[in-house]
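This is what each chain is made of:
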2 protein chains.
Amino acid sequence: MRAAIFQFSPAFGDVAANMARIERAVRSADADLWVLPELATTGYLFADRAECSALAEPADGPSLRALVDLCRERSTRVVIGFAEREGERIYNAAAHLSPEGVLSVYRKVHLFDRERVTFDPGPGPFRVDPLGAHRLGMMICFDWVFPEAARSLALLGADVIAHPANLVLPFCQDAMVTRALENGVFCLTANRVGVERRAGVELAFTGRSQIVDPQGRVLARAPSDAEATLAVDLELELARDKSLTPRNDRLGDRRPECYVERE
Amino acid sequence: MRAAIFQFSPAFGDVAANMARIERAVRSADADLWVLPELATTGYLFADRAECSALAEPADGPSLRALVDLCRERSTRVVIGFAEREGERIYNAAAHLSPEGVLSVYRKVHLFDRERVTFDPGPGPFRVDPLGAHRLGMMICFDWVFPEAARSLALLGADVIAHPANLVLPFCQDAMVTRALENGVFCLTANRVGVERRAGVELAFTGRSQIVDPQGRVLARAPSDAEATLAVDLELELARDKSLTPRNDRLGDRRPECYVERE
């Protein structure tokens, strides 16, 4: 499977411009799966919940419909972060799109900082989707801090974790190497670049989007400060081999009876 | 609290020589807590279970008794990996020693490769010990692969994770930065150096013992190929602050109702 990431700097509030850039990127290279950043259609730094609500769209809204059309045109899949409105609720969400439509929507479980003001927390639980004979799981940005997120996806059989992000802390790229290795999965972190200054806050995003294989090898990494497209052929079957030694299996060796799961 | 690590190359099977080196190291610098490698008294690569059993000692055996005496002499604590014999069972264990005696013994839960032939798996569960007003948890080497190990210790209130190791894979040192950061704890990995060739197997140990703070900063790191002592003053209270942003707490933000904990 050929997987691609498009790292760019979305223009805040300009959905039409962001969609045009995304569509141009997806038409620029052949891939079976594209992963795009968190909140790729709207930008990140909403002044308040009302502004976020005005820019958010339902999963059957025009942006995702256009991207499903693009999936049909290009015979590809897209995982993209977007602001989702569902009735009175607003989620920081990611959609898994294919030529068949919106296959699933993941609503971010662990909200970061001011997102807690703007968004409702996703209800969970973590789930995975079919990806041909394999499985795809989604998590968003700050979910990386919680090992339970990637672990949940791996226990559900994810071979690939698609990870849209708008990272501002410097730790995640290294941590996702550990996530890939501890779970034996491919991890595709699609981060953004650029700076947003709004509502008295300035955020600089750290780029360095990356594709990591189940042995913790970084197969591709984008620069920290420029738009970039990464594309790599992934042998998904490698994620079915959880061995680390002839006698060790990363999932099978777990000892849940020894673990503490609550404070 | 001043914490120290002694990284060295234990001589296989020569308990007297290894104890002499350990005692010399602990007398060489003042510290409140020393962390020593896994299987520091015996070496690592046992040919078989019988050889391991012959070198293993009970927790009230001569090696740990001598180290408790050393704790009294130096007014310090020692966490050390040792081969523990208890009746018919043999564990890859770590002991937490103080002037008061053997405070606790942790028996390695996740055995690595050939250790499965030599040792019995530890029964768990993970536990923590008082460390003055703070708490200390122990894990051993390959436990690093399983995020549930450090997470369990953090959920039990560990401020410091003492991590004796005999590492042969190249990933752990970076992964322990993630463990420190995701849990907001100090992580002290005491690795060994040198090569063992026994029973047709050759293992090269990777050194790079390290002390990481709750923000993922590497406070000290030893070389990959030489004996070394690290000593750092740790402000343990930093591990009580689990915030990553004004609105995010690394333990409090967990969403167990969203997680999958079994395959």
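Anything mentioned here points back to the structure above.
Owing to the predicted nature of the structure, the values given are computational and were not obtained by experimental measurement.

Visitor: Is there a simple way to think about the overall build of chain A in this case?
Guide: If you tally the helices and strands in chain A, you get 6 helices and 16 strands. For 263 residues, the compact-globule estimate of 2.2 N^0.38 gives 18 Å, and chain A sits close to it at 17 Å. Seen along its three principal axes, the alpha-carbon backbone of chain A occupies a region of about 55 × 45 × 35 Å. Evaluated residue by residue, chain A yields a buried proportion of 62% over its 263 residues. Partitioning the intrachain contacts of chain A with sequence separation of at least 6 by distance along the chain shows that 68% fall at a separation of at least 24. Surface summary for chain A: the accessible area is close to 9,200 Å², and the carbon and sulfur share equals 48%. Separation between the mean location of the 32 positive side-chain charges and that of the 38 negative ones in chain A comes to 1 Å.

Visitor: Teacher, can you tell me more about the pairing of strand S5 (residues 101-107) of chain A here?
Guide: Regular strands show a simple pattern: their side chains alternate between the two faces of the sheet. Residue and element names in this part refer to chain A. The element S5 is largely enclosed, with a buried count of 5 among its 7 residues. Relative to S5, strand S4 (residues 89-98) is paired through 6 bridges, and the arrangement is antiparallel. The partner of Leu-97 across the bridge, within S5, is Val-102. Between S4 and S5, which pair antiparallel and follow one another directly, the connecting turn spans 2 residues.

Visitor: What should I look at first to understand the relation of the copies chain A and chain B in this one?
Guide: There are two copies of the chain, and a rotation about an axis plus a shift along that axis relates them. Least-squares fitting of chain A to chain B yields an RMSD of 0.0 Å, with the transformation described by 0.0 Å of translation along the axis and a rotation of 180 degrees. Such a combination of turn and shift is consistent with a two-fold rotation axis. Nearest to the rotation axis, the C-alpha of A:Pro147 is located 3.3 Å from it, this being the minimum over chain A. In this assembly the copies share their binding face: 100% of the residues contributing to the interface of chain A also contribute to that of chain B.

Visitor: I would appreciate a short explanation of the interface of chain A and chain B in the present structure.
Guide: The extent of an interface is frequently quoted as the accessible surface area lost upon association of the parts. With 51 residues of chain A at the contact, the number on the chain B side is 51 residues. Summing the contributions of chain A and of chain B, the shared interface buries around 4,500 Å²; its carbon and sulfur component is 58%. On inspection of chain A and its partner chain B, the count reaches 12 salt bridges. Linking B:Glu148 and A:Arg151 is a salt bridge whose minimum nitrogen-to-oxygen distance equals 2.7 Å. Applying the counting rule to chain A against chain B returns 28 residue pairs in polar contact (both at pLDDT 80 or more). Listing elements by their share of the side of chain A that touches chain B, those giving two or more residues are helix H4 (115-118), helix H5 (147-155), helix H6 (172-183), strand S15 (243-245) and strand S16 (248-249) of chain A. A per-element tally of the side of chain A that touches chain B places H6(A) first, with 6 residues. Of the residues assigned to the side of chain A that touches chain B, the class counts are 25 nonpolar, 9 polar and 17 charged.

Visitor: Quick question: what am I supposed to make of empty space enclosed by the protein here?
Guide: Rolling a probe over the atoms, with the probe sized like a water molecule, indicates the empty space that remains. In this structure the tally under the stated criterion is 7 cavities of 30 Å³ or more. Its boundaries defined by the atoms lining it, the largest cavity holds a volume of some 170 Å³. What lines the largest cavity is a set of 17 residues, and nearest its centre among them are A:Glu148, A:Glu261, B:Glu148, B:Arg254 and B:Glu261. Contributing elements (two or more residues each) for the lining of the largest cavity: H5 of chain A together with helix H5 (147-155) of chain B. Take the lining of the largest cavity: its biggest share by element is 5 residues, from H5(B). Here the lining of the largest cavity is composed, by residue class, of 7 nonpolar, 2 polar and 8 charged.

Visitor: Any chance you could explain the sheet that holds strand S13 (residues 218-221) of chain B here in plain terms?
Guide: All names here are of chain B. Ordered in space as S6-S7-S8-S9-S12-S13, the 6 strands form an open sheet in which the pairing is mixed. For this open sheet the edge positions go to strand S6 (128-131) and S13, each flanked by a neighbour on one side alone. On average, adjacent strands in this sheet sit at an angle of 20 degrees to one another, irrespective of strand direction. For strand S7 (residues 134-138) and strand S8 (residues 160-164), the ladder comprises 3 bridges, and the chain directions are parallel. Within S8, the residue paired with Gly-137 across the bridge is Ile-161. The strands touched by helix H6 (residues 172-183) within the sheet are S8, strand S9 (186-190), strand S12 (210-212) and S13, with S12 carrying the most contacts at an inclination of about 20 degrees.

Conventions used here
Residues numbered from 1 in each chain as written. Chains lettered and ligands numbered in written order. Predicted model: local features only at pLDDT ≥ 70, side-chain atom pairs only at ≥ 80, totals over all residues. Heavy atoms only, no water. Helix = DSSP H or I, 4+ residues; strand = E, 2+ residues; numbered from the N terminus. Rg over C-alpha atoms; globule rule 2.2 N^0.38 Å. Buried < 20%, exposed > 50% of the residue type's maximum accessible area, 1.4 Å probe, protein only. Contact = heavy atoms within 4.5 Å. Areas by Shrake-Rupley, 256 points an atom, 1.4 Å probe, with all protein chains shown as cover. Lys, Arg positive; Asp, Glu negative; His and termini not counted. Charge placed at Lys NZ, Arg CZ, Asp CG, Glu CD. Pairing = 2+ DSSP bridges. Least-squares fit on C-alpha atoms with pLDDT ≥ 70 in both. Buried area = accessible area lost by both parts, 1.4 Å probe. Salt bridge = Lys/Arg side-chain N within 4 Å of Asp/Glu carboxyl O. Polar contact = N/O pair within 3.5 Å; in protein donor to acceptor, adjacent residues only side chain to side chain. Nonpolar A, V, L, I, M, F, W, Y, C, P; charged D, E, K, R; others polar. 1 Å grid on protein atoms, 1.4 Å probe; cavity = no way out; pocket = protein on both sides within 12 Å on 5 of 7 lines; lining within 4 Å. Points joined across faces, edges and corners; volume = space filled by probe spheres on them. Axes fitted to C-alpha atoms, helices over the stretch in contact; angles between N-to-C directions.

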